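Notes for the structure review
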Amino acid sequence: MPLTKSKFRQDCLEKMKKSRKYNKIYTDALLNKALMKVLKAQSGRNILFYYPLPNEVDIRKTLQKLRRKYNIFVPFMEGKSFKMVPFRLPLKKKKFGIFEAGNTLRDIKKIDIAIVPVVGVDANLQRIGFGKGMYDRFFEKLQKRPYTIFIQKELCYTKEKVCDIYDVTGDIVITAREKIIQNKIYKKRK
């Protein structure tokens, strides 16, 4: 029986649930360090961050370090998708338990870098998310595709192509132990 997108998502979510919780602080610190290294190598000034849920990688330290030097944006839920709003405090807990900055009248359509949480990735380095399609709808509205960084606690990867054509494609996946670059070369983090 061939692997389907929903079966792969289910397997990845199970793997996430079983992942070790006792070293979350250490794992998050490793991922933040790797993320900073990747971001410093990029030239973009406008960055879309996500604000983490409890089961996602906590990238708030990187967000806090970069917010004075870069234009930082976070998602603001609107219907079945979201729009970008400038990161500013205080954050309010909204739908799905996601913390959001306040709404803005600005219509921001251009970012240089997007940092996106993933549940899993397929052979094309396309994103398997939580199944709501919010990032897919959001990326479809952008004028220009940004450099896309996928963040994942533990690698959940399949060599099969299970994603749909509209699923977001990443440039790099950062995990606690390794990186996958779009040309499918595994590279150990130094």
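Procedures and definitions
Residues numbered from 1 in each chain as written. Predicted model: local features only at pLDDT ≥ 70, side-chain atom pairs only at ≥ 80, totals over all residues. Heavy atoms only, no water. Disulfide = S-S within 2.5 Å. Buried < 20%, exposed > 50% of the residue type's maximum accessible area, 1.4 Å probe, protein only. Helix = DSSP H or I, 4+ residues; strand = E, 2+ residues; numbered from the N terminus. Polar contact = N/O pair within 3.5 Å; in protein donor to acceptor, adjacent residues only side chain to side chain. Contact = heavy atoms within 4.5 Å. Core = buried A, V, L, I, M, F, W, Y, C linked by side-chain atoms within 4.5 Å. 1 Å grid on protein atoms, 1.4 Å probe; cavity = no way out; pocket = protein on both sides within 12 Å on 5 of 7 lines; lining within 4 Å. Points joined across faces, edges and corners; volume = space filled by probe spheres on them. Nonpolar A, V, L, I, M, F, W, Y, C, P; charged D, E, K, R; others polar. Salt bridge = Lys/Arg side-chain N within 4 Å of Asp/Glu carboxyl O. Expected span 1.5 Å × (residues − 1). Arc of directions from axis to C-beta.

1. A word on the state of the cysteines
- Throughout the structure, instances matching the rule amount to one disulfide.
- Cysteine Cys163 remains unbridged, with the sulfur of Cys12 as its closest cysteine sulfur at 9.8 Å.
- Taking the relative accessible area as the measure of exposure, Cys163 reaches 15% and is therefore buried.

2. Notes on the side chain of Lys5
- Mapped onto the secondary structure, Lys5 falls in helix H1 (residues 5–18).
- Here Lys5 falls in the buried class, since its relative accessible area comes to 16%.
- Within the local environment of Lys5, its side chain forms a polar contact with the side chain of Asp164, the two groups lying 3.3 Å apart.
- At 2.8 Å, the side chain of Lys5 and the side chain of Asp167 are in polar contact.
- Sequence-distant contacts of Lys5, defined by excluding residues within four places in its chain, comprise Ile128, Val162, Cys163, Asp164, Tyr166 and Asp167.

3. A closer look at unusual backbone geometry
- Despite not being glycine, Leu125 has its phi angle at roughly 60°, a positive value.
- In this fold, Leu125 is placed in the loop between strand S7 (120–121) and strand S8 (127–128).

4. Focus: the nonpolar core
- Leu35, Leu39, Ile47, Phe49, Ile115 and Ile149 are the most contacted members of the largest nonpolar core, which totals 50 residues.
- By size, the runner-up hydrophobic cluster in this structure holds eight residues, among which are Phe8, Met16, Cys156 and Val162.

5. What about empty space enclosed by the protein?
- Counted by the stated rule, this structure contains one cavity of 30 Å³ or more.
- Of the pockets and cavities examined, the largest cavity occupies roughly 100 Å³.
- Lining the largest cavity we find 13 residues, and of these Met16, Asn55, Glu56, Val118 and Lys153 sit closest to its centre.
- Of the residues contributing to the lining of the largest cavity, the split by class is eight nonpolar, two polar and three charged.

6. A short note on the layout of surface pockets
- In this model, the largest pocket occupies a volume close to 540 Å³.
- Around the largest pocket, the lining is made up of 28 residues, and of these Arg127, Phe130, Lys132, Met134 and Tyr135 lie nearest the centre.
- Going through the elements one at a time, H1, strand S2 (71–78), strand S5 (99–100), S8 and helix H4 (134–141) are the ones with two or more residues in the lining of the largest pocket.
- No other element matches the four residues that H4 contributes to the lining of the largest pocket.

7. Things to note about the pattern of salt bridges
- Applying the stated criterion across every chain yields a total of seven salt bridges.
- Notably, a salt bridge pairs Asp112 with Lys110, separated by 3.6 Å at the nearest N-O pair.
- Residue class for Lys110 comes out partly exposed when judged on its relative accessible area of 45%.
- In this structure, Asp171 and Arg145 form a salt bridge, with 3.1 Å as the shortest nitrogen-oxygen distance.

8. Examining H1
- Between its terminal C-alpha atoms H1 stretches 20 Å, which fits the 20 Å expected from 14 residues at 1.5 Å a residue.
- Restricting attention to buried positions, one finds in H1 the residues Lys5, Phe8, Arg9, Cys12 and Met16. All buried residues of H1 fall inside an arc of 100° around its axis, so they share one side. What points out from H1, more than 90 degrees from its buried face, is the exposed set Ser6, Lys17 and Lys18.
- On its buried face, H1 is in contact with S7 and S8.

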